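Report on the structure
Below are the chains, spelled out letter by letter.
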Amino acid sequence: MSEQPRSSAAESAQLAVLSHRFEAIVTRMQNTLARSGRSGVLNTARDFSCCILTADGDVLMTGQSPPIHVMGGPDLQARSMLEFYPEVHAGEAFLHNSPYHGNTHAADHSILIPVVDADGKHRFTVLAKAHQADCGNSIPTTYMASARDVYEEGALIFPVVKVQDQYRDCEDILRMCEMRIRVPEQWRGDYLAILGSARIGERALLQLADEVGWDALDVFSGKWLDYSEIRMASAIRKLPAGRAVTTTCHDPFPGVPEGIPIQVALEVDPVAGTIDVDLRDNIDCVPAGLNLSEATSRTAALIGIFNSIDHTVPHNQGSFRRVQVHLRENCVVGIARHPASTSTATTNLANRLGNAVQRAMAEIGPGIGMAEVGSGMSPSEAVVSGIDRREGSTPFVNQIFTGTNGGAGSPHSDGWLTMSDLGSGGTLLLDSVEIDELKQPILIHRRGIAVDTEGAGELRGAPGIDVEYGPVGGTLEAIYANDGSINAMAGAREGLPGAPSIQAKRTTDGTVEPVDICGPVRILDGERLLARTSGGGGYGRPTRRDPAAVVHDVREGWISRDRAAAVYGVVLDDALQIDVAATERRRTSLDNEELVKA
Amino acid sequence: MGSEDTMRMSVDIGGTFTDLVVEDGTGLSLYKAPTVPSDPVQGILDVLGTAATARDVPLAELLGKVGAFVHATTRGLNAVLTGNAARTAFLTTAGHPDVLLLREGGRQDAFDFTVPFPEPYVPRALTFEVTERITSTGEVLTALDLDALERTCDQLVAADVEAIAVCLLWSTVNPEHELAVGEVLDRRLPGVPHTLSHALNPSLREYRRASSAAIDASLKPLMSDYFSALTERLRDAGLRGRILMVTSAGGVIDAADAVARPILTINSGPSMAPVAGRAYALADTGSDDVIVADAGGTTYDVTLVRRGEIPSTRSAWVGDVGTGHMTGLPSIDVKSVGSGGGSIAWVDEGGLLHVGPQSAGSVPGPACYGRGGRSATVTDAALVLGYLDADGFSSGAMTLDAEAAVVAVKTSVADVLGIDVIEAADAILQLTTEQMVRAIEEITVGQGIDPAKAVLIGGGGAAGLNAHAVAERLGCRTLVVPAVGAALAAAGALMSDLTAIYSATAPTITSSFAIERVDAALAELVEQGREFARKAGVAPEEATIALFAEARYPQQIWELEVPLRVTAFAGPDDVADLAEDFHRTHLEILGITDPASPVEIVSWGARVTVRLEEANHQVGALPRGSAEITRRRAFVPGRGITDVPVVPLAAMEPGRPVRGPLLVEAPFTTVVVAGDAQCRIGESGSLVIETETDRPEKED
């Protein structure tokens, strides 16, 4: 297809060259942030993002970052900046973490910097955003599922607050933060890293404009967004037409004893080249920290869609034009209004929502969509705190990343083992056991994949991971927010769900007992916290799985020989060779059972 | 040794060509022969034969004069990439079977689900848990279960393993369990080589240490065979001098050491380019901040020199970042992108031009090779623009089909975009330049180097097409294309020293500095360095031992290397100096600093250098070949296709610079100087190009 107007030679070359230049600027911003960040959540979990927006607030270029950060929020943030500061000037920087003004959730501190030319004209906005180790919540966690409202949550909220003027710090704001944020020197270090990253983006854009001129950059912006829209329209035109409604349910949590049911209605219109997602038919905001902000509702829906199509389509306002996400005010997966708490807006319900969207895409037709990615902030990713008595007696609080949820089966591959969750897109790093044991007084006794916990499928989900850890010479407190131990992650297109997650404790006498779904949990010296993360859902019917892949999974100890026969219908002998005749019989009988059920 | 008729040779086996550089009393000479993939040593003997013929001496006589023979090979690397290394078992602490599978987490492209989760370097089926546990303080929490270990050995024997890697948690702090496992393996599986992680790579982070050990063990059988065959056949051919191997860290070691620790040579390919680049930048311009770009047929490798030092990284991957395998050992920091003469240009359905990542390789190759390739490649675009000599490509090694190049560029790019073929070819080269610039910017930003203040070295057979454009885009004032640039790595191997890097894990923090523990670790490192010198046959005083700290701010996870001013910390002043040096380095590389913060030191290291006494560090190369200036129709931006002089390097005279636009024919490459830059011949015989210092005119 060729919708694009014939352009001049210079413009053709320029579009490709300038898109590289913009990408390189975002990469440079991200590298700076990654390498200079101080907190584990920033530098290990890589929970940060950078992007460039047009002057009027369109997302123009994003980089590799947790998807939940950058798709449907930065535009709202940039526009809120213009609402509060209709005239912006060179040298200004704004701190923005308000989920009521376009940010994801309060723990993500964003810095917005207007890029202003020599004549004082606002040309672009750069944004750098990073999750903080602490944001002043009432308890030491940045994911406070139990918060009944923003007051109980306790986070400091910055709805576009000027923190630099004429390239100089507004020190009073920084002092406020240092009085209300735990481990203030760590926050200060991260703040410097975020600001530094945004300033690097600003400088690079000014240099680029010096070289090619602002007008050329404006032309590029328009053409790049148009190009991205063409790519998106073309990707959607390859899909079959269809409408699908999927449902899912977040596990019961404090404040929501029945759990939170979610419904997604999705329609693909290949003729118009558009996708429509309606989230309005869902319950109102709940008295818990689980509500989604406007940014995370839109973004989670967009992730579900972009996970389901050609990954080379650029993610910016141009391609987003082709997706309409309908949201409702005061809806739990809509637009949370102050003072509803959105403390866990980037994880729990966002993961449920995005999963339901990609599963709806899977229902539209074969070869598209995905099963559900493992979800839940397992105790393996808890914020742990206590007193470190190894040298003296110093308090510690830190989020550890010791075990990830399993990825979902897709039409192209088995689930990604260290996927973590849908919102992160698997980008976060996993802690080294040795580094964790050095940083805080804990011992990680066990970490490895949990056999037979994958969502079976033609393309299977990834299994969960078992992690077992405990304190060294003291008591450990752990806070988490584990979804998925009751409602497992569903498969798609006849794929099976992954195994549910587990949170438990091994007491000093070796018995295992369940613990709270969110914590805080106190683990005494000699006890161990047990976490099993969620397995990802499978894609397609398990009896269609390539028998060679099943054999590989058995040989490598991902699944048991029994499960290979019972679920995949692949019968192996003692030497782990396929019994072809028995396999054929077994698969036929499994398929017949399915028919009967249907 | 060191007498006038003693020669030194270095051989670099590349994917297409095996390069030989010979250093004699007069300078460096370069020879090439096709690589023989099935028998790489034959490729070496072939290129030696080429040199002997060219110099008109029998091979045995030529080799008889060689005092040192330096060799870089991708043998180990290829074995790892293709999964052809030994059948290796992995022994790990009980409860932690998935160290190699989980790696360090992460995923490169959040939306790309076509990439499957990578397999571990050693399959889970060959992973065995060892009942034992040591804690971070070195205390034994669970004693080593020797009975269980004997049973594991039964399984290892039954599984016919060919090599074994052992990595136990905290073995760097207390190696007793790994050593005990090693003794049992020696007894139960004699003849099966093993690697103990603490001995190979005493650093924190179990994945990196385990991966180093697993890769190293898996290469031992193969590399040991390869080195014996190499040595034997070279000796048979008449070589009597010392055989040295290039390491990933940019030094050389004796072949015997490479056999004992084959992982040290795994990234030897790109590690020598910065050594050569440093020498040429110094000889021709006096500069010690250098960007070294090595452009081959399929990849573009960028390395750096910062104030005369070549920065290294501990997070080097074999294969792709994140899905390959980390070597875990210090390696020259190199950024490689799949951009070369064979990269294919195409237009997507939204009308955007792309170059790569697909490559036409050498078969079928670019359309102009006439081997059936239909896709437009960078080489085709260069030919369309008149930058290549269709009749004398690669110093006459082949002829090119200009018509095929025009057809390819026209059909796959020009017609789709609705522009003419010259514009299309120019757009392809511009985009290629941009990709190269991006690779350079990524690594210079990471290492805190301002490209505008550095010299760019254009090396590699495909250097000439873009080097000048890249220099202009980066704002580099000086570009140097060495006369032996087409074999930069092989030339660098002749300029390098015997080196080793030792490290010790003694974590501490400047706010409560464990002075005794640190001083003990440093003393041990110095002793290891002296021992290295003794083994190399020189007095320990002759070795240069540079101590450094790998440090960070508390809670950061990436360390920066900071040289130490002292060999032992006498008191708080020395600690304060270290902190100050760290703050400055952090500012330089990452743009910010936090002087009020204490500094954590994760590990300590020693870089030991022993200068090879026979090396006289020559860099000069004699121009050879025709000195006749011709003219060719070629594209000049702003002017279109026009008459451009073609100047052989041999025609250029010292003190008589020429101005662009022109094409300079250097051995095995043509350098395109599209603008009006000044070109001269440098001290070492290199082509030195001073770019236009004024930036393009601004619009506002």
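A quick note: this is a predicted structure, and the numbers were derived from the prediction, not measured. (Residues numbered from 1 in each chain as written. Chains lettered and ligands numbered in written order. Predicted model: local features only at pLDDT ≥ 70, side-chain atom pairs only at ≥ 80, totals over all residues.)

**Let's talk about the overall build of chain B**
Across its full length, chain B holds 19 helices and 35 strands. Taking 700 residues into account, the globule formula puts the C-alpha radius of gyration at 27 Å, and chain B, at 26 Å, falls close to it. Oriented by its inertia axes, the alpha-carbon framework of chain B measures out at about 80 × 65 × 50 Å. Out of the 700 residues belonging to chain B, those deemed buried represent 56%. When contacts within chain B are restricted to residue pairs at least 6 apart in sequence, long-range pairs at least 24 apart make up 66% of them. (Helix = DSSP H or I, 4+ residues; strand = E, 2+ residues; numbered from the N terminus. Rg over C-alpha atoms; globule rule 2.2 N^0.38 Å. Buried ≥ 20, exposed ≤ 12 C-beta atoms within 10 Å, placed from the backbone. Contact = placed C-beta atoms within 7 Å.)

**Quick look at the overall build of chain A**
From N to C terminus, chain A includes 15 helices and 20 strands. By the compact-globule yardstick of 25 Å for 598 residues, chain A fits well, its C-alpha radius of gyration being 24 Å. Here the C-alpha coordinates of chain A stretch approximately 80 × 70 × 40 Å along the principal axes. The buried share of chain A, taken over its 598 residues, is 63%. Sequence-distant contacts in chain A: of pairs separated by 6 or more residues, those separated by 24 or more amount to 73%.

**Here's the deal with the domain arrangement of chain B**
Split into domains, chain B comes out as domain 1 (1-72), domain 2 (85-212), domain 3 (272-339 + 432-493), domain 4 (343-427), domain 5 (498-610) and domain 6 (630-676). For domain 2 of chain B versus domain 6 of chain B, the separation of C-alpha centres amounts to 57 Å. (Domains from an automatic or database assignment.)

**Section: helix H15 (residues 421-447) of chain B**
An α-helical turn contains 3.6 residues, so any two residues separated by three or four positions project in the same direction. For H15(B), which comprises 27 residues, the first-to-last C-alpha distance of 39 Å matches the rise-based estimate of 39 Å (1.5 Å per residue) to within 8%. B:Gly448 sits one or two residues past H15(B) and shows a positive phi near 65 degrees. (Expected span 1.5 Å × (residues − 1).)

**Focus: the sheet that holds strand E14 (residues 442-449) of chain A**
Residues and elements named next belong to chain A. With antiparallel pairing, the 5 strands of this open sheet are ordered in space as E14-E15-E20-E17-E18. On the outer flanks of this sheet lie E14 and strand E18 (512-514), each paired with one strand and no other. Adjacent strand axes in the sheet meet at a mean angle of 25 degrees when their direction is disregarded. For strand E17 (residues 502-506) and E18, the ladder comprises 3 bridges, and the chain directions are antiparallel. Counted as the bridge partner of Arg506 is Val512 from E18. (Pairing = 2+ DSSP bridges. Axes fitted to C-alpha atoms, helices over the stretch in contact; angles between N-to-C directions.)

**Here's the deal with the nonpolar core**
If you look at the biggest cluster of nonpolar residues, it comprises 410 residues, and the most contacted ones within it are B:Ile164, B:Ala293, B:Ala381, B:Val409, B:Ile428 and B:Leu456. With sequence-adjacent residues up to four places away left out, B:Ile164 is seen in contact with B:Thr88, B:Ala89, B:Leu91, B:Leu156, B:Leu185, B:Val192, B:His194 and B:Ala217. (Core = buried A, V, L, I, M, F, W, Y, C linked by C-beta atoms within 7 Å.)

**Focus: the domain arrangement of chain A**
Residues and elements named next belong to chain A. Looking at chain A, the domain boundaries give domain 1 (9-229), domain 2 (370-540) and domain 3 (546-597). Taken over C-alpha atoms, the centre of domain 1 sits 30 Å from the centre of domain 2. At the junction of the two partners, domain 1 supplies 20 residues and domain 2 supplies 17 residues. Elements that contribute at least two residues to the side of domain 1 that touches domain 2 include exactly helix H2 (40-43) and helix H3 (67-70). The class makeup of the residues in the side of domain 1 that touches domain 2 is 11 nonpolar, 6 polar and 3 charged. (Nonpolar A, V, L, I, M, F, W, Y, C, P; charged D, E, K, R; others polar.)

**Side note on the sheet that holds strand E4 (residues 108-116) of chain A**
Residues and elements named next belong to chain A. With antiparallel pairing, the 7 strands of this open sheet are ordered in space as E2-E1-E5-E4-E3-E6-E7. The open sheet has two free edges, formed respectively by strand E2 (59-62) and strand E7 (168-169), since each of these has just one partner strand. One ladder, built from 3 bridges, connects strand E3 (residues 93-96) with strand E6 (residues 161-165); its direction is antiparallel. The residue of E6 that forms the bridge with Phe94 is Lys162.

**Section: the interface of chain A and chain B**
A common way to express how large an interface is: the accessible area buried when the components associate. With 75 residues of chain A at the contact, the number on the chain B side is 65 residues. Mapped by element, the contributors of at least two residues to the side of chain A that touches chain B are helix H1 (9-36), H2, helix H7 (184-212), helix H8 (214-237), helix H12 (433-439) and E14 of chain A. At 14 residues, the largest contribution of residues to the side of chain A that touches chain B is made by H1(A). In terms of residue class, the side of chain A that touches chain B is made up of 27 nonpolar, 32 polar and 16 charged.

**Thoughts on unusual backbone geometry**
B:Pro357 follows B:Gly356 through a cis peptide bond whose omega is 0 degrees. With respect to the secondary-structure elements, B:Pro357 resides in strand E21 (residues 353-359). Across the junction of B:Gly660 and B:Pro661, the peptide omega takes the value 0 degrees, indicating a cis bond. Relative to the elements of secondary structure, B:Pro661 occurs in the loop between strand E31 (658-659) and strand E32 (662-666). For A:Arg493, which is not a glycine, the phi torsion comes out positive at approximately 50 degrees.

**Digging into the packing of helix H9 (residues 294-306) of chain A against helix H11 (residues 348-364) of chain A**
Relative placement of two packed helices is described by the angle separating their axes and the distance separating the axes. Residues and elements named next belong to chain A. Where H9 meets H11, the axes come as close as 7 Å, and the angle between the chain directions of the two elements is 35 degrees. Like other packed secondary-structure pairs, H9 and H11 cross with a definite hand, here right-handed. Counting all contacts with H9, which are made through Thr296, Ser297, Ala300, Ala301, Ile303, Gly304 and Ile305, the residues of H11 involved are Ala350, Leu353, Gly354, Asn355, Val357, Gln358 and Met361. Here the contact of H9 with H11 is built from residues that sort into 8 nonpolar, 6 polar and no charged. (Left-handed = near helix turned anticlockwise from the far one by under 90°.)

**Examining the pairing of E6(A)**
Judged from the 2 bridges that link them, E6(A) and E7(A) form a sheet pairing that is antiparallel. Residue pairing across strands places A:Asp165 opposite A:Arg168, the latter belonging to E7(A).

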